[in-house]
Amino acid sequence: MVFSDAVYGIGIESSCDETSISLIKNGSKIITNEIISQMDFHALYGGVIPESASRLHLEKASPLLERALNALKTSGGQLDYIAVTTRPGLVGPLLVGYYTALAAGYVYQVPVIPVHHLEAHFYAPLLEQKEIRYPFVGLLLSGGNSTIFHVHNLGSWKVLGDTLDDACGEALDKGATMMGLNYPGGPELEKQSNLFYQNQNEKKGTPQNRGKAPRNPFPKILADQKGENYNFSYSGLKTSLYYYLEKNRENNDALPVEALCAFYQERAFEIVERNIDHVLSQNIYQQLVAAGGVLANKTLKKKLATVCEKNSVEFITPSPALCTDNGAMVGALGYQYFKKGSWPDISTGVSSSKSWDVLL
Ligand code: KG4
């Protein structure tokens, strides 16, 4: 067995419906990043049931930890730290990760570093050899968050904009359900929208030249939002879809589902583009780091890349596997604290709250 000076850390993630325990080396190389999703279970109920999620995490946490520790043995390294998501999230699921980390930390006599889940998303690019430079704009779009951050430094950031109601992914999922599509609806909406654009292209040549193409029946989101407001709202969009479907139940001229998906998605992403454009136009950022499940959407990525180009800002987003919840990003952020030699107090426990200042 070869022992080295490399730093090995375990990252534990259990804030919602993914159990993930990863082993990473030097904060940037993934040795293992196993993710067990509970999606199929929760899909039966149309959303995450917190109590069931906790029980499913309990079943998976120990075998995943064992696999990560086996990988450590194989690599011949020694464990240096354990990082665990302690907020925000569902309290029951968070507690499973928290106590798994505390137990392993006690057995291996290594520090247990509490990690803020949302912040961890912005460190995932380090696992793909990308550099992040402070201050940067962090954008998180997922099933639970639509939030824009000013990230000043490690553990130091503020929220610039947040959703006033649903998260972007949540609104995509709920809209898709209303249209009779499967859960999770985000990928379904993307597929249907692409069919619509392809059809429009075939009919009219280019999407810009739609000619008699149908018009978007949904209103613009927060159309009059001005100044330093970078918030999101999706309840109006959902309501307008609901009434469109109600009114057009028997109408043979109603828009086909592909068109509805494309228009719904268009509005959902337009507000993201507008907010990001406004934030970047302040000219104080060099990078936009975007993560969360919704960033799997290629149309959205293209739009964000265009906005970044316009503002001469680098656009960074992890590959789809690292965009969603995973233990590796937790380990990557934990490494930054480990390297610095100080981190928040683990005895503060877990919390559903997004705020972070109480831990600093
Ligand atoms: O970050 P994430 O995996 O986990 C949670 O928030 O729990 O995000 C999940 C969200 C779901 O709302 C899902 O519909 C959305 O990401 N999503 C997408 C796509 N793939 C996943 N939304 C739009 N287009 C996609 N291709």
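Residues numbered from 1 in each chain as written. Predicted model: local features only at pLDDT ≥ 70, side-chain atom pairs only at ≥ 80, totals over all residues. Heavy atoms only, no water.

On to the packing of aromatic side chains, then. In this structure the tally under the stated criterion is 13 aromatic pairs. Relative to Trp157, the ring of Phe149 lies with its centre 5.2 Å away and its plane at 90 degrees, an arrangement referred to as edge-to-face. The exposure classification of Phe149 matches that of Trp157, with both residues buried. Aromatic rings pair up to connect Phe122, Tyr134, Phe136, Phe149 and Trp157 into one cluster. (Phe/Tyr/Trp six-rings, centres within 6.5 Å; stacked < 30°, edge-to-face > 60°. Buried < 20%, exposed > 50% of the residue type's maximum accessible area, 1.4 Å probe, protein only.)

A separate point is a nonpolar patch on the surface. Together, Val91, Leu95 and Tyr99 make up a nonpolar patch on the protein surface, roughly 270 Å² of accessible area in all. Within the element layout of this structure, Tyr99 appears in helix 3 (residues 91-108). (Patch = residues over 30% accessible without salt bridge, like charges linked within 9 Å, V, L, I, M, F, W, Y side chains within 5 Å. Areas by Shrake-Rupley, 256 points an atom, 1.4 Å probe, with all protein chains shown as cover. Salt bridge = Lys/Arg side-chain N within 4 Å of Asp/Glu carboxyl O. Helix = DSSP H or I, 4+ residues; strand = E, 2+ residues; numbered from the N terminus.)

Before going further, it helps to spend a moment on the sheet that holds strand 2 (residues 18-25). Read across the sheet, five strands follow the order 3-2-1-4-5 without closing on themselves; strand pairing throughout is mixed. Strands with a single pairing partner mark the edges of an open sheet, and in this sheet they are strand 3 (29-37) and strand 5 (112-116). Shown here is a sheet whose adjacent strand axes are inclined to one another by a mean of 20 degrees, direction ignored. Sheet topology note: the strand 1 (residues 8-13)/strand 2 ladder contains six bridges and is antiparallel. Looking at strand 2, one finds that Gly9 is bridged to Ile24. Its contacts with the sheet place helix 2 (residues 50-75) against strand 1, strand 2, strand 3 and strand 4 (79-87), and it is angled at close to 15 degrees to strand 2. In this fold helix 3 packs onto strand 1, strand 2, strand 4 and strand 5, with an angle of close to 160 degrees to the strand it touches most, strand 4. (Pairing = 2+ DSSP bridges. Axes fitted to C-alpha atoms, helices over the stretch in contact; angles between N-to-C directions. Contact = heavy atoms within 4.5 Å.)

Moving on: the domain arrangement of the chain. Domain annotation for the chain reports domain 1 (8-130 + 322-348) and domain 2 (136-317). Summarising the inter-unit geometry, the C-alpha centres of domain 1 and domain 2 are found 29 Å apart. Between domain 1 and domain 2, the contact holds 18 residues from the first and 22 residues from the second. For the pair domain 1 and domain 2, the two sides together bury roughly 1,600 Å², of which 77% comes from carbon and sulfur. Counting the contacts that link domain 1 with domain 2 gives zero salt bridges. Along the contact surface separating domain 1 from domain 2 lie three residue pairs in polar contact (both at pLDDT 80 or more). Per-class residue counts for the side of domain 1 that touches domain 2 are nine nonpolar, six polar and three charged. (Domains from an automatic or database assignment. Buried area = accessible area lost by both parts, 1.4 Å probe. Polar contact = N/O pair within 3.5 Å; in protein donor to acceptor, adjacent residues only side chain to side chain. Nonpolar A, V, L, I, M, F, W, Y, C, P; charged D, E, K, R; others polar.)

Before going further, it helps to spend a moment on the pairing of strand 6 (residues 136-141). Taking burial as the measure, the six residues of strand 6 include six buried ones, the bulk of the element. Side chains of strand 6 alternate between two faces, with Phe136, Gly138 and Leu140 and Val137, Leu139 and Leu141 buried alike. Bridge count between strand 6 and strand 7 (residues 146-153): six bridges; the pairing is antiparallel. Among the inter-strand pairings, Phe136 is bridged to a residue of strand 7, identified as Val151. The hairpin turn running from strand 6 into strand 7, its antiparallel successor, is four residues long. As defined by bridge partners, strand 6 adjoins strand 9 (residues 287-291) across four bridges and the pair is classed as parallel.

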